Each structure stands twice: as C-alpha cells, then as structure tokens.
Amino acid sequence: MADFLFEIFRYDFMVRAFLAGLIIAVIAPLIGIFLVIRRYSLMADTLAHVSLVGVAIGLLTNNDPIITATATSVISAVGIERIRVHGKIFGESVLALFLSASLAVASVLISMAKGYSVNIIGYLFGSITTVGTAELYYIAVLGIVVLGTLLLIYKQLFYISFDEDLARASGINTKAYNLVLIVLAALTVTLSMRIVGVLLIGALMVIPVITAMQFGKSFKKTVWMGVGFSLLSVVAGLYISYWMDLASGGTIVVVALIFFLVSLFINRKK
Amino acid sequence: MNNSHPQNHDHSTHAADHPGRELEQKSRAPEHATPAIEVTGVNFKAGNSQILKDISFKVSPGDYLGIIGPNGGGKTTLIKIMLGLLKPDSGTVKYFGTDLNKYRERYEIGYVPQKASETEGRFPATVEEVVKSGRTARIGLFKRFSSDDRRAVDSAMETADVARFSKKTVSKLSGGERQRVMIARALASEPKVLFMDEPTVAVDVTTQEKFYDFLDLLNQKMGLTILVVSHDIAAVAKKVSTVLCLNQEMVCHGKPALFMKDEYMEKLYGKKVNLILHG
C-alpha cells in the first residue's frame, strides 16, 4: 500500500504537481466561499477566461504565460470591479461580457500563435507534467501572499459578505476590501491554471464550498470542510490522473463533484 | 424648514414622561449640550423627483424617535443619508457635533436594516458568528478578538435574548428570531445610536408588541438613542418619545400627541386616518 502511495513521488514532476496542488487546494475554497455567498460564483470562471488571454499573450510574445496571465487577470479584475461599482451595467452582465469577450480575444491570439497551439490544451484542462521548478516557487510565493492577505482581512470579508450596507454604515471601506478580494481571486485563478486548467478553476473554487454548505454548519466549520473537500479532491484527483493517465484538472473536479453528490444524498436523508 | 420646531428637546420634560429614564439622563448630563444627531438642510433628488426637501432636525441623546410617513415619502432615503450610505445633494449630518464624514467612531451607530429577515436566510453562519461580526469595525484590521469583545458579544446576545440559540445557524431561525439576532449584532458594537428600518415587517402581531417593549427597554434602561422607521403608526405613536413625519418634507416633528392631530395626518397621507391603538 505504502509503495502504491509513494511510487508517484519518485518523479520530480509529480512532487511539484502535488505541492502546487496542495497550495491551490487550500486557497481556492477560502476565496471561493466569499464568491459563493455573494452570488458571484461566475467571477472565478470569468477571471479564468481572462487569464487565457494572458496565456495567449505570453505564448505570442515569448514570455512566461503564467506571468502574463497574472498581469492580465489582475488588471481585468480591477476593471470588472470598477464597472460593477459604477453600476452602469448589471454585475452579472459585466461578468458575461468579460467572459465571452476574453474568450474571443484569446482564440484570435492563439490562432495567431499557430505553432504553439498544441500547448493550449494543457492550459485549458490542466496538465500535471508541466509544473516547472521556477513555476512552483512562483505558485508558493504568491500562494503565501494570497493566504496571508486573506487571513488578515477574513473578518472584514465575512462582515461585508453578510451585509455590505451594514459594513459600510459602520465605517468599513467596503470598496477597498471588495477590490482586494477580487484581486486575490484573480491571483488564485492564475496559480491554479497549470494544475486544474482555465476551464475548471471555477469548479475547484465553488464545488468544495457548496459541498461544505450542504451540512449547514457554522461559517468557520463550512470553511474548514470546504478546504478539506478541496484537499481530498486534489490529492485523489492527482493520484487517479497519474494512474489512469487522465487530464489532472478534469479528474480533480470529477472527484469534487462526487463529494458534492454524496453530500447532497447525506443531507437529504437528515 | 428650520431647526425651531414646536417641540424642542427639553430633557426635563422627557424624563418626566419616562420616569425610568431619569437616572440615565443624569449620568449622561455632560452630553446634553450637543445633540446626538443633527440633520441640517438635507436635500436629495433621484432623477427629477425630489425625495427629501430641506430636512432639518435634532435628536437628543437618549431620545426615542419614530420616523413615519407614506411609502415613497423618503423614510429609508433619510436613514441611508444619516448612515452615510447615500450622499445628500446638500445638507449635513452630524453625530455628537462631528460631521458624519469626519466621525471616526462610526461603529457607535448601530443599524438594523429592513431586509434583515429575508436575505441572510441561506448564509452559512451561526447566531454567535453573526453577532461577533458586529465587533469587526471596532476591532480594526490588525487586532484580534479580545476578552472585552467576548464580553460585549455575550452581553448583546443576553440582551436580545438570542444566547440560548447562539450555536444555531441563522438559516434555521424564524423571522422574529433573525430580527433579534440582527439587533444583537448591532448591540455588540456598543452603539450610542440605533437605527431600525421597518423592524417588525417580518414578524407577527404578538411578536411586534414584545418587540416594541424590548425597544423601550433598550431606550429607557440602557439610555440608547433609538430611531425607528415604521409604517405602523399606531405602534410607533404609543411607544416613542418624539415623532418625525416625513413626506418629502418634514410635515411635523414633536411629541406623538401632536402628530395625531388630523391636520398632520391629512398632510401626511392625503386623507383622514383613524388610528386604532391596540391594547
């Protein structure tokens, strides 16, 4: 059994994929819970599609795609938040606009970089073999920044998510916190890109959280359970994708989905 | 309208009306010179329609003010301006002599919003977590939850009578219970002023009665300045010490007995309104 479990770590690329996966598994639901309770679940998907534009720019200009993707998604995150605050377009329509527009731009850019288009599948669905050492460091450093910021402002985010007007009335700068949250979401999206893939990041941020929410516990417990489900999904997903040679992102999300379906079943019987 | 209203805020009169408040009035004596809230010349337009026209009034510390008026009369708008959620086109709001925009202790202004009973329905949090969140603005960014914070939360839960179900998630509560949780949340930040927007919308009549008794208690025993917006004129008139009638402009401001006069009622609602006071 031990051999079975540890065989996977004989390969450096699997060790890197695991470490990166664990970092993402912790951060994704921590951000995800705020997106879910604020009915902003589509945000993760939108930022993911935007980061695909960044990937395409990276491939075209011969820069590291993860860095161009980070820049693009953070800039767009700020743009989306500004449009939302000004309230000229409905929040949801802003997301739909950015989502489809960025996919269009990305597809144009990718077709311009024809020679590289083979790589794009890995970005779309996640590919465990592609996490390099430099990239792992990048993920680790940014991951710690995201986690640290999140822990610092967690009680403010909780308060704002519960009722934004209440928070504003008591003197909390809700605009600033909202902006920080969406920038953190943008960073998480780009960190997760390699392991889970652009098309599936939203699922990793949302599914473990709604699974945890089925149990109707306190906010704290819901957060811990969300992180737990996310870690289990990533670890199990990586093993399965290694053994069966499947796309890592899809496998992780399918595992997360199974947890969700089981949680629905358990809580129905209650 | 200017600041001189038929009823000025004479505290000796108020104290006589509410014997329970006498003690509290004395202990707060130094604050008497400054009104708890001072609204001056507030105007607010939405598009072409004037929602609020030249609203000016003062609220003394320990006052219990009922804001009444027809739907669309600008009650909620006024509250939102007073809380800093909307910017008036002109006019100022001061708390204890300081302009709202410069008032740093904003957590001293408690607010129980109208929608309290509906929207948080599916929010994954326990009663205790929601009440604790009331301390957030007071604690600030870098400090952690202290034993003082703990005491304030426990006391707020006791006062609002939600301590016995503190571990329940808010989604499992009734409308009335959730309302009390929102009040406990507001009390946890140890406010000096408490705003309530249509607090009894989601609760039945018996609960309403109890609820207004509870507000009485907060006002008289704890000396909290309370502003309550309500469409329930009868209930408000019976309990509050001052009434402000709002229909775009201030129709009247004074003791409940004053606004019960037909002329104000007609001005406010455009027709005669017969008030039936329960109980």
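Quick caveat: nothing in here was measured; it's all calculated off a predicted structure. (Residues numbered from 1 in each chain as written. Chains lettered and ligands numbered in written order. Predicted model: local features only at pLDDT ≥ 70, side-chain atom pairs only at ≥ 80, totals over all residues. Heavy atoms only, no water.)

## Some remarks on the interface of chain A and chain B
Each partner contributes residues to the interface: chain A has 26 residues there, and chain B has 30 residues. Counting the surface lost from both chain A and chain B, the interface buries some 2400 Å², and carbon and sulfur atoms represent 65% of this. Here chain A is connected to chain B by zero salt bridges. Where chain A meets chain B, there are ten residue pairs in polar contact (both at pLDDT 80 or more). (Contact = heavy atoms within 4.5 Å. Buried area = accessible area lost by both parts, 1.4 Å probe. Salt bridge = Lys/Arg side-chain N within 4 Å of Asp/Glu carboxyl O. Polar contact = N/O pair within 3.5 Å; in protein donor to acceptor, adjacent residues only side chain to side chain.)

## Details of the pattern of salt bridges
Per the stated rule, a full pass over the model turns up 15 salt bridges over all chains. A salt bridge links Glu-7 of chain A to Arg-10 of chain A, with the shortest nitrogen-to-oxygen separation between them at 3.3 Å. Residue class for Arg-10 of chain A comes out exposed when judged on its relative accessible area of 58%. Close ionic contact of Arg-135 of chain B with Asp-149 of chain B constitutes a salt bridge, the shortest N to O distance being 2.9 Å. Placement of the pair is Arg-135 of chain B in the loop between helix 4 (127-133) and helix 5 (136-139) and Asp-149 of chain B in helix 6 (residues 147-159), with a sequence separation of 14 residues. Summarising the burial analysis for this pair, Arg-135 of chain B and Asp-149 of chain B share the class buried. Beyond isolated ion pairs, a larger network of salt bridges with shared partners links Glu-128, Arg-150, Asp-154 and Lys-167 of chain B. (Buried < 20%, exposed > 50% of the residue type's maximum accessible area, 1.4 Å probe, protein only. Helix = DSSP H or I, 4+ residues; strand = E, 2+ residues; numbered from the N terminus.)

## Quick look at the side chain of Thr-77 of chain B
Turning to its location among the elements, Thr-77 of chain B is positioned in helix 3 (residues 75-82). Those residues in contact with Thr-77 of chain B that lie beyond four places of it in its chain are Phe-44, Ile-51, Leu-52 and Leu-86 of chain B.

## Observations regarding the packing of aromatic side chains
All names here are of chain A. In total, this model carries 16 aromatic pairs over all chains according to the counting rule given. A centroid spacing of 5.6 Å and a plane angle of 45° characterise the contact between Phe-229 and Phe-259, whose relative ring orientation is tilted. Note that Phe-229 is positioned in helix 12 (residues 219-244) and Phe-259 in helix 13 (residues 248-269), a separation of 30 residues in sequence. Residue classification places Phe-229 among the buried positions, given a relative accessible area of 14%. Its relative accessible area of 25% is what places Phe-259 among the partly exposed residues. (Phe/Tyr/Trp six-rings, centres within 6.5 Å; stacked < 30°, edge-to-face > 60°.)

## Focus: the environment of His-231 of chain B
Residues and elements named next belong to chain B. One can find His-231 in the loop between strand 8 (225-229) and helix 9 (233-239). Overall, the relative accessible area of 45% leaves His-231 in the partly exposed class. Each C-alpha atom of the pair His-231 and Glu-190 lies 27 Å from the other, and the pair is 41 residues apart in sequence.

## Focus on the packing of helix 2 (residues 12-37) of chain A against helix 12 of chain A
All names here are of chain A. It is at 9 Å that the axes of helix 2 and helix 12 come closest, and there the two elements cross at 145°. In this structure, the crossing between helix 2 and helix 12 has a hand that is right-handed. Taken together, the residues of helix 12 that come into contact with helix 2 (itself represented by Met-14, Ala-17, Phe-18, Gly-21, Leu-22, Ala-25, Val-26, Pro-29, Leu-30, Ile-33, Phe-34 and Ile-37) are Phe-219, Thr-222, Val-223, Gly-226, Val-227, Ser-230, Leu-231, Val-234, Val-235, Leu-238, Tyr-239 and Tyr-242. Within the contact of helix 2 with helix 12, the residues separate by chemical class into 20 nonpolar, four polar and no charged. (Axes fitted to C-alpha atoms, helices over the stretch in contact; angles between N-to-C directions. Left-handed = near helix turned anticlockwise from the far one by under 90°. Nonpolar A, V, L, I, M, F, W, Y, C, P; charged D, E, K, R; others polar.)

## A few points about the state of the cysteines
All names here are of chain B. Taken as a whole, this structure holds one disulfide over all chains when the rule is applied. The disulfide partner of Cys-245 is Cys-252, and the gap between their sulfur atoms is 2.0 Å. Overall, Cys-245 belongs to the buried group, its relative accessible area being 0%. By relative accessible area, Cys-252 is classed as buried at 4%. (Disulfide = S-S within 2.5 Å.)

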